[in-house]
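Here is how the chains run, residue by residue.
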Amino acid sequence: MDTTSRTPVQEPLARTLWTLFEPLHAVTYFAPECAAAFEEAGLRGFWRGYFAGRAAPFGATGPAPVTSAFFNFAPSMAARALPAVWEKVPPAEALRLRAAGARAALRRLLAGLEKETERAAELLAARLDGLDCAGRPLAALNAALPRPEDAAGLLWHAATVLREHRGDGHVAALVAAGLDGCEILVLRAGHDTTRTELQPYRGWTDDQWEAAMTRLVRRGLLTPDGRATAEADRLLATIEAATDTAAARPWADPEDADGLAARLRPLAVAAGNALRWPNPIGVRRTTD
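Fair warning: this is a prediction, and the values are worked out from it, not measured in the lab.

The rules behind these values
Sequence order as written defines the numbering, with residues in each chain counted from 1. Predicted model: local features are reported for residues with pLDDT of at least 70 only, side-chain atom pairs are reported and counted for 80 or more only, and whole-chain, interface and lining totals are derived from all residues. By convention in this description, side-chain values take in all heavy atoms of the structure and omit both hydrogens and water. Counting from the N terminus, the helices are the DSSP runs of H or I reaching at least four residues and the strands are the DSSP runs of E reaching at least two. When a residue's accessible area, from a 1.4 Å probe over protein chains only, is under 20% of the maximum for its type it is buried; when over 50% it is exposed; and in between it is partly exposed. Definition used for salt bridges: Asp or Glu carboxyl oxygen within 4 Å of a side-chain nitrogen of Lys or Arg. Per-residue confidence from the predictor is given as pLDDT, running between 0 and 100. In what follows, residue pairs with any heavy atoms lying within 4.5 Å of each other are defined as contacts. What counts as an axis is a line fitted to C-alpha atoms, over the stretch in contact for a helix, and the angles between N-to-C directions run from 0 to 180 degrees. To sort the angles, those under 35 degrees are grouped as roughly parallel, those over 145 as roughly antiparallel, those from 65 to 115 as roughly perpendicular, and the leftovers as oblique. The crossing is said to be left-handed when, going from far helix to near helix, the turn is anticlockwise and less than a right angle, and right-handed when the turn is clockwise. Gly is put with the polar residues, along with every residue not named as nonpolar or charged; the nonpolar set is Ala, Val, Leu, Ile, Met, Phe, Trp, Tyr, Cys and Pro, and the charged set is Asp, Glu, Lys and Arg. To pair, rings of Phe, Tyr and Trp, with the six-membered ring standing in for Trp, must have centres within 6.5 Å; the planes then decide the type, stacked if under 30 degrees apart, edge-to-face if over 60, and tilted in the middle. We call a charge positioned above a ring when the Lys NZ or Arg CZ atom is no farther than 6 Å from the ring centre and deviates by at most 35 degrees from the ring normal.

Caption draft 1: How the structure looks around unusual backbone geometry. Residue Pro 83 is reached from Leu 82 by a cis peptide bond, and omega for that bond is 5°. Inspection of the secondary structure puts Pro 83 in the loop between α5 (75-81) and α6 (85-88). Note the cis peptide between Trp 277 and Pro 278, where omega equals -5°. Examined against the element boundaries, Pro 278 turns out to sit in the segment after α15 (257-271). Of note, Phe 71 is a non-glycine position whose phi angle comes to about 75°, a positive value. As for its placement among the helices and strands, Phe 71 is situated in the loop between α4 (63-70) and α5. On the basis of relative accessible area, Phe 71 is assigned to the buried category, the value being 12%.

Written out as structure tokens, the structure is:
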């Protein structure tokens with residue numbers, strides 16, 4: 001999740017492309033086909049399916065590595081789902097359900113754009129060849145999964161690997177900035193979104209939220225009433241720049257990047273119809 005949705009005059013290529021493939025991945029969180037796949041398998045409630053699907057590449061893990069990699073979820077929230085979900089849906093089955101739901105959602109949302117989907121999937125998947133995933137656990141785990149053979153499945157898989165690749169780098173930038181998982185949410189709530197859009201979806205208690213706010217006030221990043229300071233704006237800009245740098249390697253060869261963006265744009269617009277706006281993942285809406 002990016003810490004700010006403000007768009008610079010000349011946006012880095014890595015960020016531009018993220019705004020176009022993130023909606024393709026994010027159908028897994030918002031499209032009804034994706035929720036239904038897990039509910040029909042016996043995982044009632046959104047968050048059990050969320051943690052089962054996104055954590056499945058780890059195998060039958062407990063909450064500790066997931067809390068670490070996902071970064072901004074309260075540890076108690078992951079612990080409510082893991083490892084209990086594996087008793088109903090083993091990791092291999094969770095991977096199948098997640099992919100099936102995303103495939104079904106994209107086929108519906110991208111109906112009439114089949115040729116565009118096929119070509120975009122090929123181009124985006126080509127960026128996974130030789131992808132450096134050092135220090136990027138979620139990207140590495142997803143990249144190691146078999147590539148789907150159908151266009152919708154491949155498009156979702158490639159978008160997922162690349163968004164986790166960017167996300168892993170973003171987490172590293174946040175850690176380097178001395179921020180923890182709750183603090184970055186509190187900072188965002190004072191910068192470009194609201195507390196109600198973030199806290200309920202990440203599981204932090206009011207006491208934890210207020211404690212994080214106190215720490216940020218002491219650092220000069222928040223005013224006592226919870227607004228981001230000029231120093232916070234500078235820090236967030238630094239984090240975004242570091243995130244863009246960490247995400248740049250898949251696009252080091254800019255050949256056909258403009259063509260890829262042009263092919264992704266109508267797909268991102270169509271997939272965006274499944275998302276809600278604003279949303280807690282920080283992606284902005286793509287327009288024609």
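Caption draft 2: Looking closely at the pattern of salt bridges. Tallying each qualifying case throughout the model produces 21 salt bridges. Here Asp 244 makes a salt bridge to Arg 166, at a shortest N to O gap of 2.8 Å. Residue Asp 244 is located in helix α14 (residues 230-246), and its partner Arg 166 is located in helix α10 (residues 151-176); the two are separated by 78 residues in the primary sequence. Arg 166 matches Asp 244 in its accessibility class, with the two residues each being buried. Beyond isolated ion pairs, a larger network of salt bridges with shared partners links Glu 22, Arg 54, Arg 163 and Glu 164.

Caption draft 3: Layout of the confidence of the model for the protein. With 97% of its residues at a pLDDT of 70 or more, the protein has an overall mean of 94. Segment residues 3-8 is flagged for pLDDT under 50; beyond a separation of four residues in sequence, or across chains, it makes 20 contacts in the model.

Caption draft 4: Local environment of the packing of helix α2 (residues 32-40) against helix α7 (residues 91-109). The N-to-C vectors of α2 and α7 enclose an angle of 150°; their axes lie 7 Å apart at closest approach. In terms of axis orientation, α2 runs roughly antiparallel to α7. The interaxial crossing formed by α2 with α7 has right-handed handedness. Of the residues in α7, those in contact with Pro 32, Glu 33, Cys 34, Ala 37 and Phe 38 of α2 are Ala 94, Leu 97, Arg 98, Gly 101, Ala 102, Ala 104, Ala 105 and Arg 108. Considering only residue class, the contact of α2 with α7 consists of nine nonpolar, one polar and three charged.

Caption draft 5: Layout of the packing of aromatic side chains. One pass over the full model with this rule turns up 13 aromatic pairs. Three or more aromatic residues joined by ring pairs form one cluster here, namely Tyr 29, Phe 46, Trp 47, Tyr 50, Phe 51, Phe 70 and Phe 73. In this arrangement the basic side chain of Arg 54 is found over the ring face of Phe 70, its NZ or CZ atom lying 4.1 Å from the centre.

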